[in-house]
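What the coordinates show
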Amino acid sequence: MSVLQTASIGLQKRFGRQRLRKILLGSIPFVVLLVMWQMNTAMEWLPPVYIPPIASIWEAIYTLSEGCADAGAVLSMQYECLFTNHILSSLGRVGLSLVIGIPSGIALGVLAGMSRRFAHALEPVGVFANAISGIAWVPLAIVWFGTGWLTTLFILLNTVFWLIFFNTLLGVRGVPRVYENSVMTMGGGRWAIISQVYIPGALPSIVTGVRMSMGFGWRALIAAEMIGGDSGLGFMIFVSAAEYKIEEVFLGVLVIAIMWMITDRLLLIPLEKWTIQRWGMVWRPD
Amino acid sequence: MPAKLVVDRLSHHYPDEYTGEDVHALDQVSLSVEDGEFSAVVGPSGCGKTTLLNILAGLLPHTEGSVQVDGREVQGPGPDRGVVFQEHAILPWRTVARNIGHGLEIQRLPRREREQKVQEFIDLVGLSGFEERYPHELSGGMKQRCALARTLCANPVVMLMDEPFAAVDAQTRITLQEELNRIAIATRKTILFITHNVDEAAFLGDRCFIFSRRPGKLKATVKINVPREQRIWKDLLSEKAYTDPRDEILRLVREEVFDDEE
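Residues numbered from 1 in each chain as written. Chains lettered and ligands numbered in written order. Predicted model: local features only at pLDDT ≥ 70, side-chain atom pairs only at ≥ 80, totals over all residues.

Helix and strand content of chain A: twelve helices and zero strands. Ordered by position from N to C terminus, the α and β elements of chain A give α-α-α-α-α-α-α-α-α-α-α-α. Taking the principal axes of the C-alpha coordinates as reference, chain A spans close to 75 × 60 × 40 Å. For chain A, buried positions account for 32% of its 286 residues. Intrachain contacts of chain A at a sequence separation of at least 6 include 67% that bridge at least 24 residues. (Helix = DSSP H or I, 4+ residues; strand = E, 2+ residues; numbered from the N terminus. Buried ≥ 20, exposed ≤ 12 C-beta atoms within 10 Å, placed from the backbone. Contact = placed C-beta atoms within 7 Å.)

The partner chain A presents 16 residues to the 21 residues of chain B that form the contact. The set of elements that each furnish at least two residues to the side of chain B that touches chain A consists of β6 (81–84) and α3 (102–106) of chain B. Of the residues in the side of chain B that touches chain A, the class split is 13 nonpolar, seven polar and one charged. (Nonpolar A, V, L, I, M, F, W, Y, C, P; charged D, E, K, R; others polar.)

Residue and element names in this part refer to chain B. Compared with an ideal rise of 1.5 Å per residue, which puts 18 residues at 26 Å, helix α6 (residues 170–187) spans 25 Å between its outermost C-alpha atoms and is within 8% of the ideal. Of the positions making up α6, those classed as buried are R173, L176, L180, I183 and A184. Down the axis of α6, the buried side of the element spans an arc of 100°, and every buried residue falls inside it. For α6, the exposed residues lying more than 90 degrees away from the buried face are Q171 and A186. Tucked into the core, α6 has its buried residues touching β3 (38–42), α4 (111–124), α5 (140–153), β8 (190–195) and α7 (198–204). (Expected span 1.5 Å × (residues − 1). Arc of directions from axis to C-beta.)

Pairing between sheet strands relies on hydrogen bonds along the backbone, with the strands arranged either parallel or antiparallel. Residue and element names in this part refer to chain B. Strand order across the open sheet formed by four strands is β2-β1-β4-β5, with antiparallel pairing between neighbours. Edge strands, defined here as strands with exactly one partner in the open sheet, are β2 (22–33) and β5 (72–73). Where strand β4 (residues 64–69) lies against β5, two bridges are found, and the strand directions are antiparallel. Pairing of V69 across the sheet is with R72, part of β5. Its contacts with the sheet put helix α1 (residues 49–57) on β1 (5–15), β2 and β4, and the angle it makes with β2 is roughly 65°. (Pairing = 2+ DSSP bridges. Axes fitted to C-alpha atoms, helices over the stretch in contact; angles between N-to-C directions.)

Predicted confidence across chain A gives a mean pLDDT of 88, with 98% of residues reaching 70 or more. The weakest mean pLDDT in chain A belongs to helix α1 (residues 2–15) of chain A at 77; the strongest belongs to helix α9 (residues 177–185) of chain A at 94. (pLDDT = per-residue confidence, 0-100.)

Before going further, it helps to spend a moment on the domain arrangement of chain A. Domain boundaries assigned for chain A yield domain 1 (2–45) and domain 2 (61–277). The C-alpha centroid of domain 2 of chain A is placed 33 Å from the C-alpha centroid of domain 1 of chain A. (Domains from an automatic or database assignment.)

Residue and element names in this part refer to chain A. Looking at where L254 falls in the secondary structure, it is placed in helix α12 (residues 246–277). By the C-beta count within 10 Å, which is 11 here, L254 ends up exposed. For L254 and I57, which are 197 residues apart along the polypeptide, the C-alpha to C-alpha distance reads 9.7 Å.

All right, on to the packing of helix α7 (residues 138–145) of chain A against helix α8 (residues 149–174) of chain A then. Each pair of packed helices can be summarised by the angle the axes make with each other and by the distance between the axes. All names here are of chain A. Contact pair α7 / α8: the axes reach a minimum separation of 9 Å and the direction vectors enclose 140°. The pairing of α7 with α8 is recorded here as oblique in orientation. As α7 runs across α8, the sense of the crossing is right-handed. Touching V138, A141, I142 and F145 of α7 are L150, T151, F154 and I155, all from α8. Tallied by class, the residues present in the contact of α7 with α8 amount to seven nonpolar, one polar and no charged. (Parallel < 35°, antiparallel > 145°, perpendicular 65-115°, else oblique. Left-handed = near helix turned anticlockwise from the far one by under 90°.)

A word on the confidence of the model for chain B. Here chain B shows a mean pLDDT of 90. Residues at 70 or above account for 98%. Scored as a whole, the predicted complex attains pTM 0.85, and scored at its interfaces, ipTM 0.90.

Residues and elements named next belong to chain B. Extensive coverage of β3 is indicated by the burial of five of its five residues. A two-sided burial pattern is seen for β3, the buried positions comprising F38, A40 and V42 on one face and S39 and V41 on the other. Pairing of β3 with β8 involves five bridges; the strand directions are parallel. Counterpart to A40 in the pairing with β8 is F193. Strand direction decides the pairing type here: β3 and strand β9 (residues 207–211), joined by four bridges, are parallel. The partner of V41 across the bridge, within β9, is F209.

Now the structure itself:
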């Protein structure tokens, strides 16, 4: 008992009481699910063809990485490292789409936010493209680019770019005029206004756009990889299902969810804290 | 010595945003502000005070008449005229120090000199210890001190102030008025201060320009003959040199406010 108590006090000190409680409460549904899953294996309610045992999912990682020698092999994406290759190629596509989509979305969004004429020209086509964005493009993209990188990247960019564009546009429009005026009266030119007023002022909206586009982008990517990909987690799930390797399907689904949670918690939420919360530009409930 | 700010027969019209009707905001306004003088513009709301300020700042183009600062015609905004806006004009994503140094940053002053200047003005407006705070952590009064320091730090020829204390509470306003008076003396700035508050105009101004209702015309000019060094609220309230011209301004402004109700 005393060991547990010291451990609990140590944990409380490390994370803070409130946060610890939040983490504990949030993990309850997961624990319930895991227990039920494990019970299913023990009681044999549903056969392993439908719900594989937890251990077999763990094993699937090893099966998929058979022959993969070390971290060097993983990083150089050698053929044997199937599991990590699928993860890396999905991640690579997301990364590439962000590298292209964020700067171009922000640039055009700022332009459209500044100039009515530009906005009038781009807004209708944006609404049009946004309506089709995502999976509806897949068949056409396969015709144009074949299966593989270009198709999946195209699908992702279609989601990422427009979301960031629209959010930047709205963000820039929402920046109070007086900020712009004050920089102008200090002698600031157009570039100073863009970099010191519009972009930081639109940042809350841009960060929301990035979060949204990551969320929607992930989903679109998985779908695109299933039909039009030649690698990636979506592709892995699809191929494994066709081969009745149900534990690999489960593994793929879990990895997708876990990776999304990691990016959101470790990347996007801290980004929000560092910028807009520090500037007092966002309403905080607690 | 020529005046620092000269406005000559300035008129301004603009189409109303909703009805499209022609609004006559300013009519043949002529005034001048001497070097180091504190001038106040008073008038009822809608008399074109803010329009005048926006034209002087260069944010609004003028078509009739002329505006000269230091002998040069105003064409667009420029660092020779610093503006202190009503409220919420300092950038939320910059700390107090970075906001105050913003003008110098735009003028590309080297970092070391800039930091030195910034510190000087932080001390002058009494914001020492708050250098690294963000605006949302400051009170309304402190935000306006920061805005004042930002404008002063860029060292403009003329400082234009647009009802800067209108949004703060009465107690803070009194303190800020006395502070501004002290700072104006210390920096010897040429100031045009816009307000609808008669007491404020008479307390701060060497001269007060009283505007008529729309179309805004310069109705009268009232001089306040109290040395600026002696202007402290508790002494001034019983001083005839202050109360007489203040009552005169009040009378002139009230004529404008109540004219159409009779």
